[in-house]
Amino acid sequence: MFTKILIANRGEIACRVIDTARRMGIATVAVYSDADADARHRDLADEAIHIGPASAADSYLRGDRIIAAALETGAQAIHPGYGFLSENPGFVQAVQDAELVFIGPSAASIRAMGLKDAAKALMEAAGVPVVPGYHGENQDAAFLAEQAARIGYPVLIKARAGGGGKGMRRVADPADFAAALEGAQREGQSSFGDPTVLIEKYITTPRHIEVQVFGDSHGTIVHLYERDCSLQRRHQKVIEEAPAPDMPPEVRTAMTQAAVQAARAVDYRNAGTVEFIADGSGPLRADGFWFMEMNTRLQVEHPVTEAITGLDLVEWQLRVAAGEPLPLTQDRIGLTGHAFEARIYAEDPARDFLPAPGPLLHVAFPEGTRIDTGVRGGDRISPHYDPMIAKLTTHAATRQQALAALDRALGQTHIAGTATNLGFLGALCRDPDFAAGRMDTGLIGRKQDALTHVPDPDDAAFLFAALAALDLDPA
């Protein structure tokens, strides 16, 4: 096992990795930018190395500086977290060239799953169900329009190198296809340096269900059940849960087997997630789900899987990267209860979720609830990075109990100094369709006005506003 690792990330995921490493007796090295000079992850780590200015392009995306920091401090391995360099095969290769260990999959596996069109072709060859569509190299606009007509409207135009909803356009009318294609290509080029798109059949009532997989260097691949991530806003996940509600045993078997098959097709090692789109117009069916993509890293929503399995996925990552076999065989991985995770952001739902960087004058979370966070009261949410404040996870015997616990915990979370989505998350918990498990990826879009209604401020809000105006510390 490693004696020291470097974490090539920031915020809550850096803190999360540090927690497990410390429990395992592994020393940690943090990296930080100018904007994170006083960040929580820097304080938690055993050592911290400055890697550049606030801009991510000049700090957290500088693989050369991160590798140099690892070598300087004697770290044996690098954990990428998620985002930044976590799915960059060039960085993985550079880490290995420096005779360090990358705590994640191989560069070859990342490349195989990195381009959506190539990944779908690979999955088809492996017998994994894929959404009907065109994934070829011909990018002529007239030809792509013909393919869309053949597939049948509505269709989804997707940048092949895309992610996070970027370079994606839904088209219901053939008359709108040309403009949507141009927009997707332009966004693909600007965001990923690749204008190539693929065309897929749009599932009108889609559910987003993903399977956590794990592979080791001894040829074993297992799954850790599924998560339902259908509650999304503009393709960004908001609340995730595990297991998926109303999941029939035969569908779970088919989906988890397909996920393991997908991972095996690329000789996958370490943590990964195989994402499927499922037909949510009725009960889930074994022939009603299709491969969407694979995330070759640890997911933001991994805490819900940890809650239902009782496992530490970061510990598994470290053990697998160190060459150990997976700690458990498939028949020993259990599923207990139900879990939810809500992502708390510094953003203003009343202003179309505009990011709200600024000071966190007061931060208080409820006792007895899992909180993953990279901030403390007195910190600032930087405009340079994702404005996440925390992830709040609840677990109970039943879905109803876990959702009620989530609603209570959100109501007992107090954050002052900047706008947050706490009220929006609470409204989602109380939405009758979500409470009944009747959701698809379009639920938030259909109900956004009602879900983002701003209630009158309570006494606590007035108190913190007054303290802020007087520049007083509410602690």
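Rules behind the numbers
Residues numbered from 1 in each chain as written. Predicted model: local features only at pLDDT ≥ 70, side-chain atom pairs only at ≥ 80, totals over all residues. Heavy atoms only, no water. Core = buried A, V, L, I, M, F, W, Y, C linked by side-chain atoms within 4.5 Å. Buried < 20%, exposed > 50% of the residue type's maximum accessible area, 1.4 Å probe, protein only. Helix = DSSP H or I, 4+ residues; strand = E, 2+ residues; numbered from the N terminus. Contact = heavy atoms within 4.5 Å. Pairing = 2+ DSSP bridges. Axes fitted to C-alpha atoms, helices over the stretch in contact; angles between N-to-C directions. Polar contact = N/O pair within 3.5 Å; in protein donor to acceptor, adjacent residues only side chain to side chain. Phe/Tyr/Trp six-rings, centres within 6.5 Å; stacked < 30°, edge-to-face > 60°. Lys NZ or Arg CZ within 6 Å of the ring centre and 35° of its normal.

## With respect to the nonpolar core
Ranked by size, the top nonpolar core spans 40 residues in total, and within it Ile5, Phe214, Leu224, Trp316 and Ile333 carry the most contacts. Of all the secondary-structure elements, those providing two or more residues to this core are strand 1 (4–7), helix 1 (11–23), strand 11 (221–233), helix 10 (302–309), helix 11 (313–321) and strand 15 (338–345). Residues contacting isoleucine 5, with those up to four places away along its chain left out, are Val17, Ala21, Ile26, Ala27, Thr28, Val29, Ala75, Ala77, Ile103 and Leu318. Ranked by size, the runner-up nonpolar core spans 33 residues in total, among them Leu231, Val363, Phe434 and Ile444.

## Focus on the sheet that holds strand 20 (residues 370–373)
Reading across the sheet, the 8 strands line up as 14-13-10-11-12-15-22-20 and stay open at both edges, with antiparallel pairing between neighbours. Across the chains shown, the open sheet's two edge strands, defined by having one partner strand only, are strand 14 (289–295) and strand 20. If you compare each strand with its neighbour and ignore which way they point, the axes differ by 25° on average. Here 4 bridges tie strand 11 to strand 12 (residues 236–242), and the two strands are oriented antiparallel to one another. When the bridges of strand 12 are listed, leucine 231 appears paired with isoleucine 239. Of the strands in this sheet, strand 20 and strand 22 (388–396) are in contact with helix 1, which crosses strand 20 at around 115°. Its contacts with the sheet place helix 13 (residues 422–429) against strand 11, strand 12 and strand 15, and it is angled at close to 45° to strand 12.

## What to know about unusual backbone geometry
That bond from tyrosine 153 to proline 154 is cis: its omega, 0°, falls within 30 degrees of zero. Along the polypeptide, proline 154 turns up in the loop between helix 7 (141–151) and strand 7 (155–159). Geometrically, the link from alanine 242 to proline 243 is a cis peptide bond, its omega value of -5° lying close to zero. You can see proline 243 is positioned in the loop between strand 12 and helix 9 (249–265). Positive phi, normally seen in glycine, also occurs at glutamate 99, with a value near 60°. When you line up the elements, glutamate 99 lands in the loop between helix 4 (89–97) and strand 5 (101–102). What makes glutamate 99 exposed here is its relative accessible area of 75%. The phi dihedral of asparagine 270 is positive, around 75°, even though this residue is not glycine. Note on placement: asparagine 270 falls in strand 13 (residues 270–279).

## As for the environment of glutamate 187
Counting through the fold element by element, glutamate 187 comes out in helix 8 (residues 177–192). Judged by its relative accessible area of 24%, glutamate 187 is partly exposed. Put simply, glutamate 187 and glycine 167 are 20 residues apart on the chain and 5.0 Å apart in space, counted from C-alpha to C-alpha. Ignoring sequence-local partners within four residues, the contact set of glutamate 187 consists of Gly165, Lys166, Gly167, Arg169 and Phe192. In terms of polar contacts, glutamate 187 uses its side chain to reach the backbone amide nitrogen of glycine 167, at 2.6 Å.

## Things to note about the packing of aromatic side chains
In the structure shown here, the tally under the stated rule is 8 aromatic pairs. Plain terms: the ring middles of tyrosine 60 and tyrosine 385 are 5.6 Å apart, the flat faces sit at 80° to each other, and that makes the pair edge-to-face. On the criterion of sequence distance, the pair formed by tyrosine 60 in the loop between strand 3 (47–52) and helix 3 (63–73) and tyrosine 385 in the loop between strand 21 (380–381) and strand 22 is long-range, its members being 325 residues apart. Residue tyrosine 385 is classed as buried on the basis of its relative accessible area, which comes to 9%. The interplanar angle of 75° and the centroid separation of 4.9 Å between the aromatic rings of phenylalanine 353 and phenylalanine 424 together place this pair among those described as edge-to-face. Remark: phenylalanine 424 occurs in helix 13 and phenylalanine 353 occurs in the loop between strand 16 (347–348) and strand 17 (354–355); sequence separation between them is 71 residues. Across this residue pair, the class does not change: phenylalanine 353 and phenylalanine 424 are buried. Among the aromatic residues, ring-to-ring pairing joins Tyr60, Phe84 and Tyr385 into one connected group. Across the ring face of phenylalanine 353, the terminal group of arginine 233 is positioned such that the distance to the ring centre comes to 4.0 Å. Over the ring of phenylalanine 434 we find arginine 399, and its NZ or CZ is 5.2 Å from the ring centre.

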